[in-house]
Amino acid sequence: MKKKFLCLILALAMLLSLVACGNNNTPGNDQDPPPANTDNNDATPPSDDGPAEFQPATFDYDTIYNNAFPGFEDRLAVAKDPNNTTDQRLALVAAAEAKLLEGGAIVPNTTKGGNYAIGRGIPYTISTVQWGSDNNRYEHAIATTDYITTADRMAIKELWNGTRGTGTYMEQLHAYLDEHGYEVADGYNMVYTSDPSTWDVMATFQSVNSEWTCNTLDGLLKYDVENVQQFALATSYDVSDDGLVYTFHIREGVKWVDSQGREVDEVQADDWVASMQHVFDCAGGQEELLTGVIAGAEEYVTGENPDFTQVGVKAIDKYTLEYTLVEPFSVFPSMMGCCGVFGPLCRSYYESQGGKFGVEFDNAADTYTYGRTPNNIAYCGPYLITNWTEKNIIVFQANPTYWNAENVANKTINVYYVGGDDPLQTYNMMKDGQVVSAGLNASALEQAKVDGLYDDYHYQTGTTSDTFVGFYNMARRAYANYTDETKLVSPQTHGSADEIDIDNGVVTSDILDDAARTHAALNNTNFRLAMTFANDRGSVNGQGVGEELKYARLRNSYVPANFASLEEETTVTVDGKSYTFPAGTWYGEMLQAFLDADGFPVMVWNPDVDGGSGDGYDGWYSPDNAKAYLEKAVEELAAQGVEISAENPIQIDYTYPANDPLYTNQANAYEQSIRSALGGLVQVNLLGADSYDEWYYSGYNVYEGYDMNFDIAFISGWTPDYGDAATYLDTCLSQGAGYSTASMGLW
């Protein structure tokens, strides 16, 4: 499932931008990504656009994957058994994540939030639901003309907690603001760090392309500011007795308009049929969200049955929409927040822009203009995009034809581009009143104290469901950016290896050059874990947020520990052992139990942090564990013919944007941490990019594993599509089904 793949730029973008509520700035992709390669063994030949000199005769992806993820997919398959209750599924997903973490192929790192901020943005006027797109909707977001005091923020938070689910929060909030002398501002201005590569929300899995576009259309259901799901373009829905058929009744009289507000059609049930077929046609990654959920979707995507009429989405009549599921799926309504796959597509407007369906679809045709700019999409949501100037500004104006126009709080939203070169840029924009809020990075924090704003107005933002991780590239082929062979060139010698056979544990080559040795090391579980335990994440993160908050945004698992809890006492059997968890047990508590049972020395659940949390501390960093795992790795690799010594260390290429002083400081802190903990047996090569775009093209903006130009990258992460913990783990499925495996050099 590929829709919400994020970039680490989010973590520091939050320091440079609005932090009042949910803000989600993600780099884009300058071209539509090609479909994923799903060959079992040999990689598709690298692109002719760039070099890939080091090409072993065979990369056995299946073997590499199975060595890195032993038992993971088996456990995840057990978790997804439709006979499980929702609680059993949650517990068994935790058991699967235990295997994922123990394999050491990913490095849990950070989340958003957890930093200090100052501003005028009012808390909880944007949904804070942990999945989907609704936490990027701004129609109810409001700001004040003055900074909000720390004390008033705390009071507003208590007000939200006390009114959540009652439908009265906004009314009581306005009363509180009036009583305490706050004036609501006209407009709500923010910043962004990367332009969308497409305005077609159904053609891409990257959140940079959906975070703004979701404000241009409504879905069937959406979460309000109290995180209660409400009807939007549906007025009601029914579920069949067997749980397989969902029938939505569409709101009548809703208009589709163009960017100038001119009516082009009426919203109707067929628009959701058109959108699902368009998702499949684009093959941008979101189609995988539907396979295994919607009847016939997998058969259509794989080509087994190319008849789209056999897919389980039907327009029964103009205002009645029907979805048929493969099997009962209790969290299906939470998927309605995914605007890319469950939002509507105006069929008539799409066709007027050269769009076609099925075998006739061709987004490269000269006549195909849909989604090229904000002027090439149709709107049925609260906002129209009336201006977009690349790397400058995006302007949203309230849609006068919107079905709920009277409840749109902001008539204008301006989103300003910031490049990240100046760590004080967003802070100064906030002081000047140009944007409503700013996170306080280390530089802005000190400036706020000098300006006298810190004591009365600073607050600490909460963490979110976004999880940023590091990836080890276990099948590296690119040693420079494929878009430009002069960019981020690896200093490692490479190109002389004939073959690396991981299957039988023997490395075979004419010369064990740097690349061959690194490849062997990164395919050793103990080596990867040694690297992970050696990473002083607090020191690295502190370069951006300061010493006081260096642990605040650290995350110790892939699925957030507080993502969900058990409704009832639940018993599951894992590897022949029975586990019973009481009602109210959090996901992280169960994950910790499974890790403890395996004797894996990490802390993913700390009962002493915020009453129990997986965030806010470093449960991984341990120089002692790092050395112990490295000793095992050195011995195992020596048996394969790979010597590791201070004179001949393993080289690891680490890419980062050198134009950003915060990332530069973090890169240096990471290198120092690895060198110190591993006694010089690992040499981290810091490859600094001249720009964010150059950095993105080392990993985030490339789609195939063979174009990933790094050995380890902290460049991306995940936010869930709907209310199921498995949406995180699905990113690590084999055969190219999971997006994250591409970041490991696979498929």
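The text that follows walks through the structure, step by step, so that each part is easy to find. (Residues numbered from 1 in each chain as written. Predicted model: local features only at pLDDT ≥ 70, side-chain atom pairs only at ≥ 80, totals over all residues. Heavy atoms only, no water.)

Quick word on the pattern of salt bridges
Thinking step 1. Under the defined criterion, the tally for this structure stands at 23 salt bridges.
Thinking step 2. As a salt-bridge pair, aspartate 218 and lysine 222 come within 2.9 Å of each other at their nearest N and O atoms. Across the pair, lysine 222 and aspartate 218 agree in class, each one buried.
Thinking step 3. For arginine 347, the salt bridge goes to aspartate 270, with nearest N and O atoms at 2.6 Å. Of the two residues, arginine 347 is situated in helix H10 (residues 347-352) and aspartate 270 in helix H7 (residues 270-282); the sequence distance between them amounts to 77 residues.
Thinking step 4. Looking at aspartate 270, the relative accessible area reads 24%, which means it is partly exposed.
Thinking step 5. A single salt-bridge network, built from bridges that share partners, covers Asp134, Arg137, Glu139, Asp218 and Lys222. (Salt bridge = Lys/Arg side-chain N within 4 Å of Asp/Glu carboxyl O. Buried < 20%, exposed > 50% of the residue type's maximum accessible area, 1.4 Å probe, protein only. Helix = DSSP H or I, 4+ residues; strand = E, 2+ residues; numbered from the N terminus.)

So, the sheet that holds strand S13 (residues 383-389)
Thinking step 1. Ordered by their spatial adjacency, 4 strands build an open sheet running S4-S15-S14-S13, and the pairing between neighbours is mixed. Only two strands of the sheet have a single partner each, and these edge strands are strand S4 (190-192) and S13. Within the sheet, the average angular offset between the axes of one strand and its neighbour, ignoring direction, is 25°.
Thinking step 2. Summarising the sheet, S4 and strand S15 (residues 412-417) pair through 3 bridges and their orientation is parallel. (Pairing = 2+ DSSP bridges. Axes fitted to C-alpha atoms, helices over the stretch in contact; angles between N-to-C directions.)

Remarks on the nonpolar core
Thinking step 1. Judged by nonpolar contacts, the single largest core of 89 residues is most densely connected at Phe527, Phe594 and Leu729.
Thinking step 2. The dominant element in this core, judged by the number of residues it contributes, is helix H4 (residues 86-103), at 10 residues.
Thinking step 3. Grouped together as the second largest cluster of nonpolar side chains are 78 residues, Cys214, Phe357, Tyr370 and Phe396 included. (Core = buried A, V, L, I, M, F, W, Y, C linked by side-chain atoms within 4.5 Å.)

Here's the deal with empty space enclosed by the protein
Thinking step 1. Using the criterion set out here, one finds 4 cavities of 30 Å³ or more in the structure.
Thinking step 2. Taken as a whole, the second largest cavity encloses approximately 90 Å³ of empty space.
Thinking step 3. Forming the walls of the second largest cavity are 13 residues, and the residues nearest its centre are Val201, Leu217, Tyr370, Ile377 and Ala378.
Thinking step 4. Partitioning the lining of the second largest cavity into residue classes produces 10 nonpolar, 2 polar and 1 charged. (1 Å grid on protein atoms, 1.4 Å probe; cavity = no way out; pocket = protein on both sides within 12 Å on 5 of 7 lines; lining within 4 Å. Points joined across faces, edges and corners; volume = space filled by probe spheres on them. Nonpolar A, V, L, I, M, F, W, Y, C, P; charged D, E, K, R; others polar.)

A word on the pairing of strand S24 (residues 682-689)
Thinking step 1. Bridge count for strand S23 (residues 650-657) against S24 is 8 bridges, and the pairing is parallel. Of the residues in S24, the one forming a bridge with isoleucine 652 is valine 684.
Thinking step 2. In the classification by handedness, the crossover that spans S23, the intervening helix H19 (residues 661-677) and the parallel S24 is right-handed. (Right-handed = clockwise from strand over helix to strand, strands pointing away.)

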